[in-house]
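# A structural walkthrough
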Protein chains: 4
Amino acid sequence: MNESAKKQPGRPRSAQSHQAILQSTLDLLAQVGYERVSIDAIATHAGVGKTTIYRRYRSKEELVADAIESLREEIEIPETGTLWGDLDCIIESAVKTTLTPLGRQILAMIIGAASSSPQFAQVYWTKYLQPRRQAFHVVIERAKARYEIQAETDSDMVFDLISGIMLYALVFQPSNEPVEVYIRRAIDLILK
Amino acid sequence: MNESAKKQPGRPRSAQSHQAILQSTLDLLAQVGYERVSIDAIATHAGVGKTTIYRRYRSKEELVADAIESLREEIEIPETGTLWGDLDCIIESAVKTTLTPLGRQILAMIIGAASSSPQFAQVYWTKYLQPRRQAFHVVIERAKARYEIQAETDSDMVFDLISGIMLYALVFQPSNEPVEVYIRRAIDLILK
Amino acid sequence: MNESAKKQPGRPRSAQSHQAILQSTLDLLAQVGYERVSIDAIATHAGVGKTTIYRRYRSKEELVADAIESLREEIEIPETGTLWGDLDCIIESAVKTTLTPLGRQILAMIIGAASSSPQFAQVYWTKYLQPRRQAFHVVIERAKARYEIQAETDSDMVFDLISGIMLYALVFQPSNEPVEVYIRRAIDLILK
Amino acid sequence: MNESAKKQPGRPRSAQSHQAILQSTLDLLAQVGYERVSIDAIATHAGVGKTTIYRRYRSKEELVADAIESLREEIEIPETGTLWGDLDCIIESAVKTTLTPLGRQILAMIIGAASSSPQFAQVYWTKYLQPRRQAFHVVIERAKARYEIQAETDSDMVFDLISGIMLYALVFQPSNEPVEVYIRRAIDLILK
DNA sequence: CGGTAAGCGAGACGGTACGTCGCGTCTTAAG
DNA sequence: CTTAAGACGCGACGTACCGTCTCGCTTACCG
């Protein structure tokens, strides 16, 4: 079958080291932030030589990007029977993954890199946001079928608005309410 | 009037150097991004000693923050007579200032810093967003008076949604349309 | 006789690789000097894995020592019939083997190592200098028998003086004459 | 006078750091040898940043060369009244400075470098050996005036022979006698 | 003649030192 | 008392070798 897979000579790269590197990267990233993580620190924390990191990644950016990649969990489409039940699931899940030190750092990095290397943000868009947008589409279609919302609602735009307000709330905390409540209010306004 | 102004002895600080520093900071910020600007480079580019920078700012962050501050233009509340006329002005102005390399860098910086030092984002919120939110409030109130939109519309939440979708669009370019058109569609959805 | 020689099982070590390693070591040693030779480079140049080198030698020092060992040619005692005929042969041979990039590197290495590990120089002394000293002794004894020089001449000391001046000339080039001429003048002075 | 001397702007290089660097270099050089000294270690030992070293020297070689330079003491021409009195002074002084770990390391380095960059040995020759050769010339001339040795003796060649045998003795320890005694015997043979 | 044990090439591994760069501070002389 | 210049201590960067450790193969011998 995959005839090229097992052909390369020499000692194979250690999956264990690989995992340790990614985990340490995420740990330290959450602790001290992107700027202040040093490759040396990651290597030490992972019990690994710097070489082993640089063999896999050309730079801190690449390493961090892959570390973030690695923790992308499965998207599951909630099905509670009501629109707001589904939405609450989505909000909770999104808030949970984004409203952490690590989440903030990742977003900051993506936005920062987006300027110099747009494909970086593109990856995040393709791998992370796009699938959720589609899951959201399903939720909205179901709600339309139940006549909970108008048939002409543009689910993509609604998703983008929700993502936008979450990004915004994350950075600026525009309200004194808990984020979840604020988000729910916003969605309420969008969906009338 | 300001009797204390001319009191301190010695050579006064050069306003010319000050300006050169800010301009160079913005130039290089737009060119290479926050991370890769070096104080040395700014000093050289501005024809100024590093001392002169560090006398005014304690760190790169402070310098960059002030440089960004310095280009904040006056907020003017548009008054075209119709809600959409006003909104178009607001959108155009916002897009114009944000959709540039410099704009992106600034946002990236704010979001990045927001994680480690929240007061950084707070400054941006207070000095930049808050006034615009208030201006937006005026525009919405006028529209309410003209019965263009419902009286119970929460102008702050609408503003946040718009800001959010702009932030989001800026980073992820979720659509193939020009940003302005996309934003306008979004606002349309919000205001029904 | 050597009943243990052919007993060990498994694949025997490749004499071809062995030779390639030694040759590559000497080549690179002459090209870039002891410090800058890397085992990796030797392995690559010899078309051999690093393992194959480290199975034979514990360190770069050992490898280089053996490589040098390997090129030690037979000492032949010249017999031209006159003292100076013999001496000329000795000088020419010595100059020829020492006044090359490789020769210099080897000497440098020996002297360098002599400080940290005296047995290194001792090996060179025992294996290289001692036999020549004895050959020289024969030449001198013959000259004494021919009454060309005084009977009480200490051949060892003369040999050491000659070796010393050659070492010295090699490093410092104290004269504008060709080395051979300079050496001959020195010997002349020693033997009156 | 020296019109160019005091013109350069900026903070002058710290003579104190300079001294600390040289001293630490010599200390560590004597302790662990050229190969095993690390710039980091020198910097730490000297209480100095690596930058400060690299601002002055491009490489370890350059640094070490200058450190060695720095400890060159004054040459004084002995005047005991007899040739052998003078010679004993010279021998003792030479042995004292060369027969130390540091002395050996220095010689090793010079010889090693001589191969790749001959001007390195040339410096040592010009700055160290040449002056001693001249001092030695004076000693020999005085002995000639006292009719202690033949008038046609070539003092340079004698000096070179002595230097050579010392270099040789230093590296190979060809005899069981103390070095001073061995050297004295050698000189005796040269001068008949 | 097929098993077994060492050798082989390739190359990844945990380290150490390298030489460079940027930080924010300090020290000059010049204004 | 500020300025331009630039040295300072520090610490991270990414590279190059070190000597060790797997890998999946030969390659020879021995039972």
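Our structure's up above, just so we're on the same page.
Notes on the structure in this doc start here. (Residues numbered from 1 in each chain as written. Chains lettered and ligands numbered in written order. Predicted model: local features only at pLDDT ≥ 70, side-chain atom pairs only at ≥ 80, totals over all residues. Heavy atoms only, no water.)

## Some remarks on the interface of chain C and chain D
Taken together, the contact pairs 36 residues of chain C with 37 residues of chain D. Buried area between chain C and chain D, both sides added, is near 3400 Å², and the carbon and sulfur share of it is 70%. On the chain C side of the contact with chain D, Met157(C), Tyr168(C) and Phe172(C) bury the most area, a combined 20% of that side's loss. One salt bridge connects Asp154(D) with Arg185(C), and the closest N-O pair in it is separated by 3.1 Å. It is helix α8 (residues 155–172) of chain C that contributes the most residues to the side of chain C that touches chain D, twelve residues altogether. Partitioned by chemical class, the residues of the side of chain C that touches chain D number 23 nonpolar, five polar and eight charged. (Contact = heavy atoms within 4.5 Å. Buried area = accessible area lost by both parts, 1.4 Å probe. Salt bridge = Lys/Arg side-chain N within 4 Å of Asp/Glu carboxyl O. Helix = DSSP H or I, 4+ residues; strand = E, 2+ residues; numbered from the N terminus. Nonpolar A, V, L, I, M, F, W, Y, C, P; charged D, E, K, R; others polar.)

## Structural notes on the relation of the copies chain A and chain B
The operation relating chain A to chain B is a screw motion whose rotation component is 179 degrees, with 0.0 Å of axial translation and a residual RMSD of 0.4 Å. On this basis, the relationship between the two copies can be described by a two-fold rotation axis. No C-alpha of chain A lies nearer the rotation axis than that of Gly164(A), which sits 2.1 Å from it. Here 97% of the interface residues in chain A have copies in chain B that are interface residues too; the copies meet face to matching face. (Least-squares fit on C-alpha atoms with pLDDT ≥ 70 in both.)

## Some points on the protein's contact with DNA strand E
Contacts to DNA strand E come from 49 residues, most closely from Thr51(A), Thr52(A), Thr51(C), Thr52(C) and Tyr54(D). Sugar and phosphate atoms represent 61% of those atoms of DNA strand E found within 4 Å of the protein. Within the backbone of Val37(B), an N or O atom sits 3.4 Å from a phosphate oxygen of DNA strand E. In the environment of DNA strand E, a phosphate oxygen lies 2.6 Å from a nitrogen or oxygen atom belonging to the backbone of Ile39(D). Ranked by residues supplied to the surface near DNA strand E, first place goes to helix α3 (residues 50–56) of chain C with five residues. (Near = heavy atom within 4 Å. Polar contact = N/O pair within 3.5 Å; in protein donor to acceptor, adjacent residues only side chain to side chain.)

## As for the interface of chain A and chain B
Every contact between the two is made by 36 residues of chain A and, on the other side, 36 residues of chain B. Joining chain A to chain B, the criterion identifies two salt bridges. In this structure, the connection of chain A to chain B is made through six residue pairs in polar contact (both at pLDDT 80 or more). Of all elements in the fold, only α6 (101–116), α7 (118–145), α8 (155–172) and α9 (179–190) of chain A reach the threshold of two or more residues within the side of chain A that touches chain B. With twelve residues, the single largest contributor to the side of chain A that touches chain B is α8(A). Classifying every residue of the side of chain A that touches chain B by side-chain character gives 23 nonpolar, six polar and seven charged.

## Considering the arrangement of the chains
At no point do chain A and chain D touch; the closest pair of C-alpha atoms across them sits 16 Å apart. The smallest C-alpha distance separating chain B from chain D is 10 Å, and no contact links them.

## Looking at the relation of the copies chain C and chain D
If you rotate chain C by 178 degrees and push it 0.0 Å along the axis, it lands on chain D with an RMSD of 0.5 Å. In this assembly, 97% of the residues forming the interface of chain C have copies in chain D that are likewise at the interface, indicating an isologous arrangement.

## Observations regarding the packing of α8(C) against helix α8 (residues 155–172) of chain D
Across the interface, α8(C) lies against α8(D) with an axial gap of 7 Å and an inter-helix angle of 95 degrees. Here α8(D) runs roughly perpendicular to α8(C), going by the angle between their axes. Two secondary-structure elements touch here, α8(C) through Met157(C), Phe159(C), Asp160(C), Leu161(C), Ser163(C), Gly164(C), Ile165(C), Leu167(C) and Tyr168(C) and α8(D) through Met157(D), Phe159(D), Asp160(D), Leu161(D), Ser163(D), Gly164(D), Ile165(D), Leu167(D) and Tyr168(D). Looking at the contact of α8(C) with α8(D), its residues break down into twelve nonpolar, four polar and two charged. (Axes fitted to C-alpha atoms, helices over the stretch in contact; angles between N-to-C directions. Parallel < 35°, antiparallel > 145°, perpendicular 65-115°, else oblique.)

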